[in-house]
Amino acid sequence: MQQTVFFQAMIYLAAAVIMVPIAKRLGLGSVLGYLVAGIAIGPAGLKFIGLEGQDIMHFAEFGVVMMLFVIGLELEPSRLWRMRKSIAGLGGLQVSVTSVVVAGLAMAFQLGWKESLALGMITAMSSTAIVMQTLNEKGWLKTVAGQSSFAVLLFQDLAIIPMLALFPLLADHPAVQETHGTGSVVSAFPAWQQAIIVLLSVAIVVITGKYLLRPVFRLMARTGMREMFTATALLLVVGIAVLMTSVGLSPALGAFVAGVVLANSEYRHELESSIDPFKGLLLGLFFISVGSSIDFQLIVSKPFLIIGLVVGVMSFKMVILFVLGKIFKVRNAQNFIFSIGLSQIGEFAFVLLSFSAQQGVLTKDITDTMMAVVAISMALTPLVMMINEKLILPRLCTVGSNIEVHKASDIEEQDNPVIIAGYGHFGNTIGRFLRANNVEATVLDNDSDNVDFLRRMGLKVYYGDATRYELLDIAGAGKAQMIIIAISDEEKRLELIETVKKHFPNLHMLVRSTNRNDAYDLMNAGMMHIYRETFDTSLRVGTDALKLLGYRAHEATRSAKTFFIHDERTLKHLSSIRNDEEYVNAARQHIEELEMIMRADQQAVNLQSLGGWDRKAENSDYHTT
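Since the structure is predicted, the reported quantities are computational estimates derived from the model, not experimental observations.

(A) Expanded view of the overall build of the protein. Tallying secondary structure elements over the protein gives 27 helices and 6 strands in all. Counting only contacts in the protein whose residues sit at least 6 apart along the sequence, the fraction spanning at least 24 positions is 76%. Of the accessible surface of the protein, which amounts to about 30600 Å², a share of 63% is contributed by carbon and sulfur atoms.

Put into structure tokens, the structure is as follows:
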């Protein structure tokens, strides 16, 4: 069998391309599709993947790190602080109660208290990757269930640190020495020095994110090379993962902290859209690896034990989570989503099981069995959540419409009705006008200097190329009512129009045009609301010129309106003409028609208002206003 990198990549991609659309088509969700794809190409299926699947899984866990970074970008520190009760209370109780209950059950089956406690802590973990991905696909992230799940998962990430510190103290068996794995460079230091190094590492992430990264991203943005910005974003996440791993901390936790620090940054949306494709691919790879790692031979050899453990652990976790949800006043429908969603054992359990085996906390027989239990519980989660959605939730509420959203004090909706793409002089005026009328707008601009300047003025402007689908999606184009395209670059405007027409067909577009020829192109692109940037100003100047020449104010204003209406009408006709000579003749004809209309209109005004107006007084009034 050919085992080159390209061959392996082809197998993984082909499995995903085939199975995920089928799963989505059947309403099963992408996570289950990836898991089935992994089973299909793994040792239990076509055998394209062997033992190297475990190594690929460890690499693909970096997708979880990226996901936490993106989640951090969406959580401003103030919002995180408001969630402190859910994180510490709900998350803390979930980890501690689950650990104690499972440990007690394990002791009832004649296991020692140290092994039981280790198993309790391992089973308390849930899968951030599967839960967050599934909630996101179903649009439940901002519901009570979504926010409660996130709080618990975040606390679990924090709990990894003391767990790794505690496990060596629970060792009863000889430690298995390995030259690779989870060891950190600070493990040789005394405990108090390790604590200082850990705190310094977190401080480095916070200070770097707050003071150093903005100038770096601004510098990258000025290069105008999107790939350099993406490379810098990847460097940031990889660098944090390396630093956190070196000091024995969870890289996902470090990435989350960095994301929160950058949540107020003008580069937030661009960072999110740069990381998002890599995150999606790595998470898919991770799910495929989980599917391929399920040891069916072990399951066949101990079917009742393993199936019983899977059902038992998921049931106990479900009950504990449901009771905690009740204590925290989560309503029934949301509580079912919350408790069922977190009932599996998560990916960090693989790390804890490996570490516990190395430290002599658990025997090889127990860790092998639990590895199978973890993988099966993760694989079952999308299926269980689908059953919950199809069978349980419809009896409690109408799924999707009546799922209560989190109260306003905990969740800040950032989906604005208007998106302004381009915030130069043109877009800036529109933005200030809307803001003066209490209309919130999400503003995107690709000029880093302009963004920096406007931010210093207190305006909330985000850096990013609005022609990118990912950025528009993150900026809320799927829910916004309209987008005002105020970009100065004509080609970029057309590119953005095509992106919006393709991905957000219900979004109304109001488009700036540079001049008459540009307006023709926009009309041919199907635009109905086009605004020539110099047209209104030119007519205002013309109106004032007439007044200074002695025309009455209302005559001049009426004349400008007549000119405006006629010119807009002729614009549509002329935009359809491609032949130069035909265009010149048509334009000449329209000019003559306009002059005739203007003269006729002027005569009609004179007849109606003779003797009724004092020109000097009227124009004097105008100039004093």
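(B) Structural view of helix α17 (residues 348-359). Its 12 residues place the ends of α17 16 Å apart at the C-alpha level, agreeing with the 16 Å of an ideal helix rising 1.5 Å per residue. Just downstream of α17, Gly360 is the residue with a positive phi angle, here 80°.

(C) Just the pairing of strand β5 (residues 508-513), in detail. Across 4 bridges, strand β4 (residues 482-485) lies against β5 in parallel orientation. Its bridge partner being in β5, Ile483 is matched across the sheet by Met509. Crossover β4 to β5 through helix α22 (residues 490-503) is right-handed.

(D) Structural view of the environment of Val311. Positionally, Val311 belongs in helix α15 (residues 303-327). Along the chain, Val311 and Val373 lie 62 residues apart, while their C-alpha atoms are 9.4 Å from each other.

(E) Expanded view of the packing of aromatic side chains. Enumeration over the complete set of coordinates arrives at 10 aromatic pairs. Through a chain of ring-to-ring contacts, the aromatic side chains of Tyr34, Phe286 and Phe287 assemble into a single cluster. The ring of Phe535 has Arg532 sitting right over it, with the charged end atom 3.8 Å from the ring centre.

(F) Structural detail: the confidence of the model for the protein. Looking at the protein as a whole, the pLDDT averages 79, with 87% of positions reaching at least 70. Within the protein, β4 carries the highest mean pLDDT (92), whereas helix α27 (residues 615-624) carries the lowest (47). Long-range and interchain partners of residues 178-182, a stretch whose pLDDT sits below 50, account for 5 contacts in this model, where long-range means more than four residues apart. Throughout residues 397-413 the model reports pLDDT below 50, and contacts reaching past four residues in sequence, or to other chains, amount to 32 contacts.

(G) A look at the sheet that holds strand β3 (residues 461-463). The 6 strands are arranged β3-β2-β1-β4-β5-β6 in an open sheet whose pairing can be described as parallel. Unpaired on one side and paired on the other, β3 and β6 (529-532) mark the two borders of the sheet. Within this sheet the neighbouring strands show an average axis-to-axis angle of 20°, counted without direction. In the packing of helix α19 (residues 425-436) onto the sheet, contacts are made with β1 (418-421), β4, β5 and β6, and the angle to β1 comes to roughly 160°.

(H) Broad picture of α15. Taking 1.5 Å per residue as the helical rise, α15 with its 25 residues ought to reach 36 Å, and the 36 Å between its terminal C-alpha atoms agrees with that figure. Of all the residues in α15, the buried ones are Ile306, Val310, Val313, Met314, Lys317, Ile320, Leu321, Leu324 and Gly325. Lys329 occupies a position one or two residues after α15 and carries a positive phi of about 60°.

(I) Molecular detail of the side chain of Asp567. Structurally, the position occupied by Asp567 is in helix α25 (residues 553-575). Within the structure, Asp567 has its side chain in polar contact with the side chain of Arg532 (distance 2.8 Å). Apart from the residues within four sequence positions on either side, Asp567 is in contact with Arg516, Arg532 and Phe535.

(J) Layout of the pairing of β1. Here β1 shows a buried face lined by Val418 and Ile420 and a second buried face lined by Ile419 and Ala421. Taken together, the 4 bridges between β1 and strand β2 (residues 441-445) define a ladder with parallel strand orientation. In the strand pairing of β2, Ala421 is matched with Leu444. Where the polypeptide runs from β1 across α19 and back to β2, its parallel neighbour, the crossover connection is right-handed. Sheet analysis places β1 next to β4, joined by 4 bridges and oriented parallel.

(K) View of the environment of Ala255. Within the secondary structure, Ala255 sits in helix α12 (residues 251-261). Residues Ala255 and Val205, spaced 50 residues apart in sequence, show a C-alpha to C-alpha distance of 8.8 Å. Once residues lying within four places of it in the same chain are set aside, the contact partners of Ala255 are Val65, Leu68, Phe69 and Ile240.

(L) Spotlight on the pattern of salt bridges. Within the structure shown, the criterion is met by 8 salt bridges. Here Lys364 and Asp368 are joined by a salt bridge, their closest N and O atoms 2.7 Å apart. Residue Lys364 and its partner Asp368 are both found in helix α18 (residues 364-396); the two are separated by 4 residues, about one turn of the helix. Across the salt bridge formed by Asp567 and Arg532, the nearest N and O atoms sit 2.8 Å from each other.

(M) Quick peek at the nonpolar core. Judged by nonpolar contacts, the single largest core of 133 residues is most densely connected at Phe69, Phe167, Phe256 and Phe287. With 11 residues, the single largest contributor to this core is α18. Once you skip the residues sitting within four places of it in the chain, Phe167 turns out to touch Ala118, Met121, Ile122, Leu352, Phe355, Ser356 and Val361.

(N) Up close: the packing of α22 against helix α23 (residues 516-524). Contact pair α22 / α23: the axes reach a minimum separation of 11 Å and the direction vectors enclose 15°. Classified by the interaxial angle, the pair formed by α22 and α23 is roughly parallel. Classified by chirality, the crossing of α23 by α22 is right-handed. On α23, the residues touching Glu490, Arg493, Leu494 and Ile497 of α22 are Asp518, Asp521 and Leu522. Looking at the contact of α22 with α23 residue by residue, the class counts come to 3 nonpolar, no polar and 4 charged.

(O) Region of interest: a negative patch on the surface. Taken together, the side chains of Asp489, Glu490, Glu491, Glu495 and Asp521 present a region of like negative charge at the surface. Ranked by residues supplied to the negative patch, first place goes to α22 with 3 residues. Note on placement: Asp489 falls in the loop between β4 and α22. Relative accessible area serves as the criterion here: at 38%, Asp489 is assigned to the partly exposed category.

Rules of the game
Residues numbered from 1 in each chain as written. Predicted model: local features only at pLDDT ≥ 70, side-chain atom pairs only at ≥ 80, totals over all residues. Heavy atoms only, no water. Helix = DSSP H or I, 4+ residues; strand = E, 2+ residues; numbered from the N terminus. Contact = heavy atoms within 4.5 Å. Areas by Shrake-Rupley, 256 points an atom, 1.4 Å probe, with all protein chains shown as cover. Expected span 1.5 Å × (residues − 1). Pairing = 2+ DSSP bridges. Right-handed = clockwise from strand over helix to strand, strands pointing away. Phe/Tyr/Trp six-rings, centres within 6.5 Å; stacked < 30°, edge-to-face > 60°. Lys NZ or Arg CZ within 6 Å of the ring centre and 35° of its normal. pLDDT = per-residue confidence, 0-100. Axes fitted to C-alpha atoms, helices over the stretch in contact; angles between N-to-C directions. Buried < 20%, exposed > 50% of the residue type's maximum accessible area, 1.4 Å probe, protein only. Polar contact = N/O pair within 3.5 Å; in protein donor to acceptor, adjacent residues only side chain to side chain. Salt bridge = Lys/Arg side-chain N within 4 Å of Asp/Glu carboxyl O. Core = buried A, V, L, I, M, F, W, Y, C linked by side-chain atoms within 4.5 Å. Parallel < 35°, antiparallel > 145°, perpendicular 65-115°, else oblique. Left-handed = near helix turned anticlockwise from the far one by under 90°. Nonpolar A, V, L, I, M, F, W, Y, C, P; charged D, E, K, R; others polar. Patch = residues over 30% accessible without salt bridge, like charges linked within 9 Å, V, L, I, M, F, W, Y side chains within 5 Å. Lys, Arg positive; Asp, Glu negative; His and termini not counted. Charge placed at Lys NZ, Arg CZ, Asp CG, Glu CD.

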